[in-house]
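Residue-level listing of the chains:
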Amino acid sequence: MKLANFLRPGDTLTLEGELGSGKTTFTKGLAKGLGVTRNVNSPTFTIVKQYKGRIPLYHMDVYRLEDSDEDIGFSEYFHGDGVSVVEWAKFIEDYLPEERLEINIEYTDDDQTRKLKLKALGDHYSSILHEMKD
């Protein structure tokens, strides 16, 4: 939820992690921070779900595009008026904006908590991570 306060239209976040690691749970918290009131669930079979909030949220699960070179209009989402969250982003690497926030979610040893690694690609995202530390 805290991260949502620093995001603006056109921002892209990528989520990587094992099945069940919490990618959609993370997105639910982000959606709440963006003012989304609808229930957020995985867009596995629809590829993209759109939610209205103070900033629109475009939630993508591109797992099914692993061996595809299909462009479903990613640029319109990434450069649109909302925040894009892409689960399994490695499968559409060629379509991703160069500047983005990469988030990797890992299980910890106790299997009950998760470790998030955030990597900023670009000055805007570096600023976000710096501001979040304060």
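Everything numeric in this text was worked out from a predicted model, so none of it was measured.

## Details of the sheet that holds strand 1 (residues 12-17)
Spatially, 6 strands are ordered 2-3-4-1-5-6 in an open sheet, and the strand pairing comes out mixed. The open sheet has two edge strands, strand 2 (48-51) and strand 6 (114-121), and neither has a second partner. Going across the sheet, the axis of each strand differs from the next one's by a mean of 20 degrees, ignoring polarity. Relative to strand 3 (residues 57-61), strand 2 runs antiparallel, the two being bridged by 4 bridges.

## Some words on unusual backbone geometry
Most peptide bonds take the trans form, and the phi angle of most residues other than glycine is negative. Of note in the backbone geometry, tryptophan 88 takes a positive phi value of approximately 65 degrees without being a glycine. Its location among the elements puts tryptophan 88 in the loop between strand 4 (83-87) and strand 5 (100-107).

## Considering the pattern of salt bridges
Scanning all chains against the criterion turns up 3 salt bridges. The salt bridge partner of glutamate 102 is arginine 100, with a shortest N-O separation of 3.0 Å. The exposure class assigned to glutamate 102 is partly exposed, which follows from its relative accessible area of 23%. By relative accessible area, which is 5% here, arginine 100 ends up buried. One salt bridge connects glutamate 106 with lysine 117, and the closest N-O pair in it is separated by 3.4 Å. Residue glutamate 106 is located in strand 5, and its partner lysine 117 is located in strand 6; the two are separated by 11 residues in the primary sequence. Ionic contacts of the salt-bridge type, sharing partners, join the residues Glu93, Arg100 and Glu102 into one network.

## Examining the nonpolar core
With 22 residues, the main nonpolar core has Leu3, Leu13, Leu30, Leu57 and Ile103 as its most contacted residues. When contributions to this core are tallied by element, the ones reaching two or more residues are strand 1, helix 1 (23-33), strand 4, strand 5 and helix 3 (123-133). Excluding anything up to four places from it in sequence, isoleucine 103 contacts Leu3, Leu13, Thr14, Leu15, Glu16, Phe26, Leu116, Lys117 and Leu118. Of all hydrophobic cores here, the second largest spans 14 residues; its members include Val62, Tyr77, Val86 and Ala89.

## Here's the deal with helix 3
All of the buried residues along helix 3 are His124, Tyr125, Ile128 and Leu129. Seen end-on, helix 3 carries its buried residues on one side only, within an arc spanning 140 degrees. Projecting away from the buried face of helix 3 at angles above 90 degrees are the exposed residues Asp123, His130 and Lys133. Structurally, helix 3 contributes buried residues whose contacts are with strand 1, strand 5 and strand 6.

## Looking at helix 1
All of the buried residues in helix 1 are Lys23, Thr24, Phe26, Thr27, Leu30, Ala31 and Gly33. Down the axis of helix 1, the smallest arc covering the buried residues is 165 degrees, so these residues share one side. Summarising the geometry of helix 1, the exposed residues directed more than 90 degrees from the buried face are Thr25 and Lys32. The secondary structure elements touched by the buried residues of helix 1 are strand 1, strand 3, strand 4, strand 5 and strand 6. Once helix 1 finishes, glycine 35 follows within two positions and takes phi at roughly 85 degrees, a positive value.

Cut-offs used in this document
Once a new chain begins, its residue numbering starts again from 1 and follows that chain's sequence as written. It should be noted that, the model being predicted, local features are given only for residues of pLDDT at least 70 and side-chain atom pairs only at 80 or more, the latter also being counted only at that level, while totals for whole chains, interfaces and linings use all residues. Side-chain calculation: all heavy atoms of the structure are included, whereas hydrogens and water are not. Should DSSP find at least two bridges between two strands, the strands are regarded as paired. To qualify as a helix, a DSSP run of H or I must reach at least 4 residues; to qualify as a strand, a run of E must reach at least 2; elements of each kind are numbered from the N terminus. Interaxial angle, 0 to 180 degrees, is taken between N-to-C directions of lines fitted to C-alpha atoms, where a helix line uses only the stretch in contact. The term salt bridge refers to a pairing of a side-chain nitrogen on Lys or Arg with a carboxyl oxygen on Asp or Glu at a separation within 4 Å. Summary of the burial criterion: residues with accessible area below 20% of their type's maximum are buried, those above 50% are exposed, and those between are partly exposed, where the area comes from a 1.4 Å probe applied to protein chains only. To define a nonpolar core, start from buried Ala, Val, Leu, Ile, Met, Phe, Trp, Tyr and Cys residues and group those joined through side-chain atoms within 4.5 Å. For this analysis, residues touch if any pair of their heavy atoms sits within 4.5 Å. By definition, the arc is the one covered by directions from the helix axis to the C-beta atoms.

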